[in-house]
Amino acid sequence: MVVLVTGANGQLGQSLQFIAETYPEMKFVFCTSSDLDITDFDNCQTIFKQYKPDFCINTAAYTAVDKAESEPEKAFAINVTGAENLAKCCLDHQTVLLHVSTDFVFDAKFSEGTAYYDKELRLPLQNEKGLLETDVPFPGGTYGLTKLQGEQAIQAIIDNYFIVRTSWVYSQFGHNFMKTMLRLASERDTLSVVDDQIGTPTHAVDLANALLTIIQSRKTDFGIYNFSNEGHCSWYDFAKEIFRINKVVIDLKPIPSSAYPTPAKRPSYSVLDKTKIKSIFGISIASWETSLLEHQG
Ligand SMILES: NC(=O)c1ccc[n+]([C@@H]2O[C@H](COP(=O)([O-])OP(=O)(O)OC[C@H]3O[C@@H](n4cnc5c(N)ncnc54)[C@H](OP(=O)(O)O)[C@@H]3O)[C@@H](O)[C@H]2O)c1
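Residues numbered from 1 in each chain as written. Predicted model: local features only at pLDDT ≥ 70, side-chain atom pairs only at ≥ 80, totals over all residues. Heavy atoms only, no water.

For the structure shown, the criterion picks out seven salt bridges. Arg165 is the salt-bridge partner of Glu151, the closest N and O atoms lying 2.7 Å from each other. Of this pair, Glu151 sits in helix H4 (residues 142-157) while Arg165 sits in strand S7 (residues 161-166), placing them 14 residues apart in sequence. Like Arg165, Glu151 is buried. Among the ionic pairs, Glu230 bridges to Lys274, the shortest N-O distance being 3.8 Å. Of this pair, Glu230 sits in the loop between strand S12 (223-226) and strand S13 (233-234) while Lys274 sits in the loop between strand S14 (251-255) and helix H8 (275-281), and the two are 44 residues apart along the sequence. Take Glu230: its relative accessible area is 23%, and that puts it in the partly exposed class. Judged by its relative accessible area of 4%, Lys274 is buried. (Salt bridge = Lys/Arg side-chain N within 4 Å of Asp/Glu carboxyl O. Helix = DSSP H or I, 4+ residues; strand = E, 2+ residues; numbered from the N terminus. Buried < 20%, exposed > 50% of the residue type's maximum accessible area, 1.4 Å probe, protein only.)

Right, here's the structure in full:
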């Protein structure tokens, strides 16, 4: 079973490399952006012809959420044209595409002031487990919009796809919130973190295992799936737990999003309901606190 992985130098790409040995039945072809530029259709065709993958995991993406507001063409090329190029190659080679998407496809729908969740209790009002795969996406920024358009481009070309939406990805690899917090804490005595955006952290290794479990299952229940760790928290709660586990002493202050303006709007609520992926693939998911603790050190 040949599994082609794009974006191999990103944090999900590196997490897949980290666990690859534990799936001996799979022959992995890890392509960095220099081996395979997904915006270049000829490059995609050459790689697919050479390796004839049974599965392609697309972790390659334009992920600079704020920068995307000032370079939308680049975000579109990678997140939409790139996804489309891979889908076309998957169609030609009967390859199953696993494409990673984001909770940011919802970022305008649950903006501040909506009645979707109870701000005091920090719980959703309509569905206590969070956003469903069938909820109507409504991106508010360029990154979320291009990720949604990438999903749609794939769906227009092939049927054999798993689109896995995830949120707040972090790991020991690449750039992420956990590493930023630990770096900032080594430079400062106080830190302010927003407390009114509620979501769920996802350890990239847990996500990588979920993707490979989907492949391993050989099931053909194609479609959109949610995956994150279990539970929910604010960025402030997440930072607090990172510091507690790492025994970092710092004066951490909760602040509202209005005190930390960013070019791209963030969803105030983006907890994903994982019932579908758990029931179809039998995946058991650790709470975000357990996973954070487990993957330390
Ligand atoms: N990070 C999060 O919090 C988060 C949250 C929700 C969803 N997601 C989604 O999860 C997936 C993985 O994210 P991640 O955190 O692993 O991202 P990442 O660390 O930013 O990695 C993205 C990778 O894509 C590569 N890439 C960029 N343009 C490319 C191109 N034209 N062709 C081939 N590769 C290209 C980059 O290559 P270089 O190494 O050369 O730059 C990088 O290695 C993405 O689809 C992202 O949208 C992430």
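As a further point, take the packing of aromatic side chains. Under the defined criterion, the tally for this structure stands at 13 aromatic pairs. A centroid spacing of 6.3 Å and a plane angle of 40° characterise the contact between Trp235 and Phe238, whose relative ring orientation is tilted. Separated by three residues within a single helix, Trp235 and Phe238 lie in helix H7 (residues 235-245), roughly one turn from each other. In this structure Trp235 comes out as buried when scored by relative accessible area, which is 15%. (Phe/Tyr/Trp six-rings, centres within 6.5 Å; stacked < 30°, edge-to-face > 60°.)

These figures capture arrangement, not role.
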